[in-house]
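Below are the chains, spelled out letter by letter.
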Amino acid sequence: MPPDIHVTSHIHTDGPIPGPHSLLTLVSAAHPGGGGRPTSVFTVNVRELPGATLHPVALQSWRRRAEDWLSTRRASRPPALAMNSYVRWLERLPGRPVFVADTADPDYLFLYWYLQRFTGDWPFASTLGDAALHSRMTCTTLCSLSGCRTPNTTLAHTS
């Protein structure tokens with residue numbers, strides 16, 4: 001059996017739940033053996049869902065970070081294309097992908113919903129709810145948004 005490769009994610013959204021609100025950016029990193037430097041990174045900007053709306057809290061957050069908002073809209077891809085590209089990336093990893101989640105973050109909720117909706121599958125061998133491991137393997141610093149790379153900047157996850 002191939003070894004497990006741990007996958008962490010970092011997302012930006014325009015509201016607290018998928019469906020009424022959209023996933024805007026996704027960054028995932030693959031870590032062999034549950035730690036160390038990522039061996040592969042996937043990033044994509046995703047177009048808003050038809051009929052989805054910008055949550056008022058997210059609107060206020062994005063207004064304070066207009067350049068970051070514009071960055072999320074550059075070269076954005078339709079959700080189905082973005083999720084299918086993500087699955088292909090996972091399939092090319094040198095091991096069984098295990099999703100590492102912090103259940104306090106919306107990453108799992110959004111990714112599960114988007115993958116089920118647009119690919120009909122959850123492509124991970126398993127899901128590991130481990131906040132400490134997720135924190136050690138965070139991929140926030142790989143995010144292209146300047147607000148994610150600035151120390152001591154708190155970004156609302158509803159943004």
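Our structure's up above, just so we're on the same page.
The present account deals with the structure reproduced in this document. (Residues numbered from 1 in each chain as written. Predicted model: local features only at pLDDT ≥ 70, side-chain atom pairs only at ≥ 80, totals over all residues. Heavy atoms only, no water.)

**Description of the environment of threonine 72**
Put simply, the test is: Secondary structure elements follow DSSP: runs of H or I of four or more residues count as helices, runs of E of two or more count as strands, with numbering from the N terminus. Relative accessibility under 20% of the residue-type maximum defines a buried residue, over 50% an exposed one, and the middle range a partly exposed one, all with a 1.4 Å probe and only protein chains included. In what follows, a contact means two residues having at least one pair of non-hydrogen atoms within 4.5 Å. Distance and chemistry together define a polar contact, namely a pair of N or O atoms within 3.5 Å, with one atom able to donate a hydrogen and the other to accept it when in protein, and with adjacent residues in sequence counting only for side-chain atoms on both sides.
Relative to the assigned elements, threonine 72 resides in helix α2 (residues 66-73). The class for threonine 72 is buried, based on a relative accessible area of 0%. Residues contacting threonine 72, with those up to four places away along its chain left out, are Leu24, Thr25, Asn45, Trp62 and Leu145. Of note is the side chain of threonine 72, whose polar atom sits 2.6 Å from the backbone oxygen of tryptophan 69.

**Details of the nonpolar core**
Inclusion rule: Side-chain atoms within 4.5 Å are what join buried Ala, Val, Leu, Ile, Met, Phe, Trp, Tyr and Cys residues into a set we call a nonpolar core.
Counting residues in each nonpolar core, the largest one holds 26 residues, and the members touching the most others are Leu26, Met83, Tyr86, Trp89, Tyr114 and Phe124. Those elements giving two or more residues to this core turn out to be β1 (4-13), β2 (23-32), β3 (40-45), α3 (79-92), β4 (96-101) and α4 (107-119). With six residues, the top contributor of residues to this core is α3. If near-sequence neighbours (up to four positions away) are discounted, tyrosine 114 is found in contact with Pro18, His21, Ser22, Leu23, Val46, Leu49, Pro79, Met83 and Thr119. By size, the runner-up hydrophobic cluster in this structure holds nine residues, among which are Cys139, Cys143, Leu145 and Cys148.

**What to know about the sheet that holds β1**
Paired through backbone hydrogen bonds, the strands of a sheet run either parallel or antiparallel to each other. What counts here: Note: two strands are recorded as paired if DSSP finds a minimum of 2 bridges between them. The angle between two axes is taken between their N-to-C directions and runs from 0 to 180 degrees, where each axis is a line fitted to C-alpha atoms and a helix contributes only its stretch in contact.
Taking strand neighbours across the sheet as the criterion, the five strands line up as β3-β2-β1-β4-β5 in an open arrangement whose pairing is mixed. At either end of the open sheet lies a strand with only one pairing partner, and these are β3 and β5 (126-129). Direction aside, the axes of adjacent strands within the sheet are offset by 25° on average. Here nine bridges tie β1 to β2, and the two strands are oriented antiparallel to one another. Looking at β2, one finds that valine 7 is bridged to alanine 30.

**Focus: the pairing of β1**
Walk down a regular strand and you will see the side chains alternate between the two sheet faces. With nine of ten residues buried, β1 is to be regarded as a mostly interior element. Bridge count for β1 against β4 is four bridges, and the pairing is parallel. Paired with isoleucine 5 across the strands is proline 97, a residue of β4.

Just geometry here; none of it tells us what the structure is for.
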